[in-house]
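This is what each chain is made of:
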Amino acid sequence: MGPVRLEAITWERLGDLLAERLLDLKPDDGSPWPRIAFDGAPAARPGELAHRVSEALRIRGRSSLVVGTEGFLRPASLRLEYGHQDAEAYYDGWFDTSALWREVFGPLEAGGNGRVLPDLWDPATDRATRSSSIQLPPGGLLLLHGPLLLRHWFPFDLSVHVLLSPGALRRRTPEAEHWTLPAFERYENEVDPGATADVLVRADDPRRPAWNG
């Protein structure tokens, strides 16, 4: 990634600015539902930013649905086939991308019905959640958050990557999850999400991020 000019900001202001930008976002494929990625390692907490933007949109009179990929993990028998700490399996096989295509993105295609399944699998019980679909009205926005999102060719209309430096990522990742770090190093090398995303947020300082959008 080449030089990027970053601007220091508060999380509150960042949520407002992103919401303002999303108000006029129109999908290129004719869908009435803009689809937004909030990409980042769990330690970067992209879900918190997604919820902050959702609240800012609500205040502005726009519907949105926040969906986390942790609700679309594959069953443990598949996820842990190569052991509990296999970084390659985490990178390639932990998340049920087929279900995300079918239950989240499919209904939001042009001509879709707008009924999105918010989650499918509970990792704590290793059972289906049996959640009901949620109707997203025309103009409502999908705010999908999770790690490694920008390597699957999902049809995002705008992508936000929440970046941590390698040192900050190691410090803020619980020691029991350090085995996942090689997966994020591979993601950085193969995908370069900081350069791929439309909006880059550097979150090394948890109190005051810097962004370029």
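Scoring rules and cut-offs
Residues numbered from 1 in each chain as written. Predicted model: local features only at pLDDT ≥ 70, side-chain atom pairs only at ≥ 80, totals over all residues. Heavy atoms only, no water. Core = buried A, V, L, I, M, F, W, Y, C linked by side-chain atoms within 4.5 Å. Buried < 20%, exposed > 50% of the residue type's maximum accessible area, 1.4 Å probe, protein only. Contact = heavy atoms within 4.5 Å. Pairing = 2+ DSSP bridges. Helix = DSSP H or I, 4+ residues; strand = E, 2+ residues; numbered from the N terminus. Axes fitted to C-alpha atoms, helices over the stretch in contact; angles between N-to-C directions. Parallel < 35°, antiparallel > 145°, perpendicular 65-115°, else oblique. Left-handed = near helix turned anticlockwise from the far one by under 90°. Nonpolar A, V, L, I, M, F, W, Y, C, P; charged D, E, K, R; others polar. Arc of directions from axis to C-beta.

Some points on the nonpolar core
Of all hydrophobic cores here, the largest spans 62 residues; its most connected members are L18, L22, F38, L49, V53 and L143. Setting aside its immediate chain neighbours within four residues, L49 contacts W11, L14, L18, F38, V160, V162 and V201.

Some details on the sheet that holds strand β1 (residues 7-8)
What the 7 strands build is an open sheet, ordered β1-β11-β10-β9-β2-β8-β3; its pairing is mixed. Only two strands of the sheet have a single partner each, and these edge strands are β1 and β3 (64-68). Strand direction decides the pairing type here: β3 and strand β8 (residues 141-146), joined by 5 bridges, are parallel. Counterpart to V67 in the pairing with β8 is L144. In this fold helix α1 (residues 11-23) packs onto β2 (35-39), β8, β9 (158-163), β10 (199-202) and β11 (210-212), with an angle of close to 175° to the strand it touches most, β10.

As for unusual backbone geometry
Of note in the backbone geometry, D126 takes a positive phi value of approximately 55° without being a glycine. The phi dihedral of D192 falls on the positive side, at around 50°, and the residue is not glycine. Mapped onto the fold, D192 is located in the loop between α7 (181-191) and α8 (193-196).

A few points about the environment of H84
Among the secondary structure elements, H84 is positioned in the loop between α3 (76-79) and α4 (87-93). Among the residues examined, H84 registers a relative accessible area of 59% and is labelled exposed. Remark: the alpha-carbon pair of H84 and G15, spanning 69 residues in sequence, is separated by 35 Å.

What to know about the packing of α1 against helix α2 (residues 46-59)
Remark: α1 packs on α2, axes separated minimally by 8 Å, with the N-to-C direction vectors making an angle of 60°. By the criterion of interaxial angle, the relationship of α1 to α2 is oblique. By crossing handedness, the relation of α1 to α2 is classed as right-handed. Where α1 approaches α2, its residues W11, E12, L14, G15, D16, L18, A19, L22 and L23 are matched on the opposing element by L49, R52, V53, A56 and L57. Taken together, the residues of the contact of α1 with α2 break down into 10 nonpolar, 1 polar and 3 charged.

Considering α7
Among all positions in α7, only L181, A183, F184, Y187 and V191 are buried. Buried positions in α7, seen along its axis, are confined to an arc of 160° and lie on one side of it. Across from the buried face of α7, at angles greater than 90 degrees, the exposed residues are E185, N189 and E190. Next to the buried residues of α7 lie β2, α4, α6 (166-172) and α8. A positive phi of about 50° marks D192, the residue just after α7.

None of the figures reported here should be taken as evidence of function without further support.
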